[in-house]
Amino acid sequence: MDAILRRDYPVIQGVVLLFSFVYVLVNLAIDLAYTCLIEDPLLMSSATLPPGIAAAAPMPDIMPPVVPKKGVIGFLRRNPTIAIGGALVLVMIFVAVFAPLFAPKDPAEIAPRLRTLEPSAAYWFGTDMLGRDVYSRVIYGARVSLLVGFSVAILASAIGLTIGLISGFIRVADAIIMRIMDGMMSIPPILLAIALMALTRGSVRNVIIAITIAEIPRVSRLVRGVVLSLREQPYVDAAVAAGTRTPVIIWRHILPNTLAPLTVQATYICASAMITEAILSFIGAGTPPIIPSWGNIMAEGRALWQVKPYIVFFPAVFLSITVLAVNLLGDGLRDALDPRMAKRL
């Protein structure tokens with residue numbers, strides 16, 4: 001047992017179980033809220049009536065049909081997933097931007113006589129082994145996770161969009177570029193990020209670059225698939241027959257039609273980048289320990305996991321909620337921007 005504890009296997013298993021448990025609880029809460037706020041038309045159908053009971057004839061339409069509200073409020077009412085996910089993301093952004101207002105103490109302030117205090121009115125999330133306020137460190141840690149997530153999503157989307165457009169529309173370049181992308185995709189993103197971080201010094205900038213390189217192949221493959229289907233459309237053939245130059249065709253006819261799936265993919269990349277950054281920091285290959293990030297806080301608290309679990313629990317909850325919010329936003333955008341889903345709804 002002592003050998004196992006020295007290798008930290010129970011800590012790793014405990015953190016994984018904690019992430020899964022918190023994620024399932026938050027998903028369950030969102031599903032319950034979604035079920036209570038929105039009526040399922042299937043529940044009102046006559047197919048659920050017991051035998052021998054007939055449904056009454058429908059009432060005549062004496063009221064004018066309900067016209068969906070337009071504007072932002074109407075859009076959010078038709079897409080509650082976007083409203084819930086977007087609200088949570090905005091709250092986390094607000095907390096990260098105004099962290100000095102919410103954090104009562106300096107996240108780097110050390111107080112050895114106050115180390116490993118339990119959560120209380122003075123220290124909401126307790127203190128770590130160096131006496132630092134865990135609540136303040138968690139609040140400031142939102143800055144690192146959101147910065148990495150949004151930066152990776154923007155950079156990977158921009159670079160992957162360019163590669164996908166060129167590869168999908170120019171057949172000669174497709175054979176070369178996609179073989180490179182296939183080689184990069186054969187390596188799991190987290191392993192590729194770890195390998196890249198091993199070649200550089202630990203910093204937020206290097207973490208962003210490493211995760212961006214690992215995420216580019218996913219975006220380029222998505223955009224390439226969209227472009228391959230679009231270039232066979234009649235309006236593209238008409239533009240080619242009219243003598244329109246290739247850059248103009250890509251800019252006017254191809255690029256606008258790739259933005260919807262690219263936006264949805266960017267949200268998933270943002271969530272994946274946050275998790276990858278936390279993993280890199282947890283194993284010591286990400287941001288330096290002096291920078292308060294959720295991964296670093298959990299890494300510092302794993303030695304005391306069995307006696308002081310709150311050091312790991314609170315940053316894990318914040319990370320799970322943020323990733324869940326971004327994923328909800330992505331699911332809502334997919335349903336809203338996909339015309340096939342819109343027709344079904």
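Because the structure is predicted, anything quoted here is derived from the model rather than measured. (Residues numbered from 1 in each chain as written. Predicted model: local features only at pLDDT ≥ 70, side-chain atom pairs only at ≥ 80, totals over all residues. Heavy atoms only, no water.)

**As for the packing of aromatic side chains**
Note the following rule: Under the pairing criterion, centres of Phe, Tyr and Trp rings, with the six-membered ring standing for Trp, must be within 6.5 Å; the plane angle then separates stacked pairs below 30 degrees from edge-to-face pairs above 60, leaving the rest tilted. Accessible area is worked out with a 1.4 Å probe on protein chains only. A residue is then buried under 20% of its type maximum, exposed over 50%, and partly exposed in between. Think of it this way: any DSSP run of H or I at least four residues long counts as a helix, any run of E at least two long counts as a strand, and we number them from the N terminus.
Inspection of the entire model under this criterion finds 5 aromatic pairs. Where F94 meets F98, the ring centres are 4.8 Å apart and the plane angle is 45°; that geometry is what we call tilted. Given a relative accessible area of 46%, F94 falls into the partly exposed group. Looking at F98, the relative accessible area reads 36%, which means it is partly exposed. Each ring, one from W294 and one from F318, has its centre 6.2 Å from the other, and the planes form 55°; the classification is tilted. Separated by 24 residues along the polypeptide, W294 in helix 12 (residues 294-301) and F318 in helix 13 (residues 310-337) bring together distant segments of the chain. The structure contains a cluster of three or more aromatic residues connected by ring pairs, namely F94, F98 and F102.

**What to know about the packing of helix 7 (residues 171-185) against helix 9 (residues 204-230)**
Helix-helix packing: each pair is described by the crossing angle between the helix axes and the interaxial distance. Stated precisely, the cut-off is as follows: Note on method: axes are straight lines fitted to C-alpha atoms, helices fitted across the in-contact stretch only, with angles between N-to-C directions ranging 0 to 180 degrees. Roughly parallel means an angle under 35 degrees; roughly antiparallel, over 145; roughly perpendicular, 65 to 115; everything else is oblique. It is the rotation of the near helix from the far one that decides the hand of a crossing: anticlockwise by less than a right angle makes it left-handed, clockwise makes it right-handed. Contact definition: two residues touch when any of their heavy atoms are within 4.5 Å. Residue polarity is assigned by list, with Asp, Glu, Lys and Arg as charged and Ala, Val, Leu, Ile, Met, Phe, Trp, Tyr, Cys and Pro as nonpolar; anything else, Gly included, falls into the polar class.
The geometry of helix 7 relative to helix 9 is characterised by a closest axis approach of 9 Å and an angle of 135° between their N-to-C directions. Here helix 9 runs oblique to helix 7, going by the angle between their axes. Where helix 7 crosses over helix 9, the handedness of that crossing is left-handed. Counting all contacts with helix 7, which are made through D174, M178, M181, D182, M184 and M185, the residues of helix 9 involved are I213, I216, P217, S220, R221 and R224. Split into classes, the residues belonging to the contact of helix 7 with helix 9 amount to 7 nonpolar, 1 polar and 4 charged.

**Regarding the pattern of salt bridges**
What counts is decided by this rule: For this analysis, a salt bridge means a side-chain nitrogen from Lys or Arg found within 4 Å of a carboxyl oxygen belonging to Asp or Glu.
For the structure on display, the rule yields 7 salt bridges. The salt bridge involving K308 is made with E118; its shortest N-O contact spans 2.9 Å. With K308 in the loop between helix 12 and helix 13 and E118 in the loop between helix 5 (99-102) and helix 6 (134-169), the pair connects residues that are 190 residues apart, well separated along the chain. With relative accessibility at 17%, the residue K308 sits in the buried group. We classify E118 as partly exposed; its relative accessible area is 44%. One salt bridge in this structure joins D174 and R224, with 2.6 Å as the shortest N-O distance. Of this pair, D174 sits in helix 7 while R224 sits in helix 9; the two residues are 50 residues apart in sequence, bridging distant segments of the chain. In terms of burial, D174 and R224 fall into one category: buried. Connected through salt bridges with shared partners, the residues R132, R137 and E300 form a single ionic network.

**Some details on the confidence of the model for the protein**
This is how the line gets drawn: pLDDT expresses, on a scale from 0 to 100, how confident the predictor is about each individual residue.
Scored by pLDDT, the protein has a mean of 76; 76% of the residues are at 70 or more. Predicted confidence in the protein is weakest over helix 1 (residues 2-6), with a mean pLDDT of 45, and strongest over helix 6, with 88. Across residues 1-5, where pLDDT falls below 50, the model places 4 contacts with residues more than four positions away in sequence or in other chains. Of the regions scoring below 50 in pLDDT, residues 39-46 engages in 3 contacts with residues more than four places distant in sequence or in other chains.

**What about the environment of S167?**
Inspection of the secondary structure assignment puts S167 in helix 6. Judged by its relative accessible area of 1%, S167 is buried. Along the chain, S167 and S220 lie 53 residues apart, while their C-alpha atoms are 8.3 Å from each other. With sequence-adjacent residues up to four places away left out, S167 is seen in contact with D174, I177, M178 and R224.

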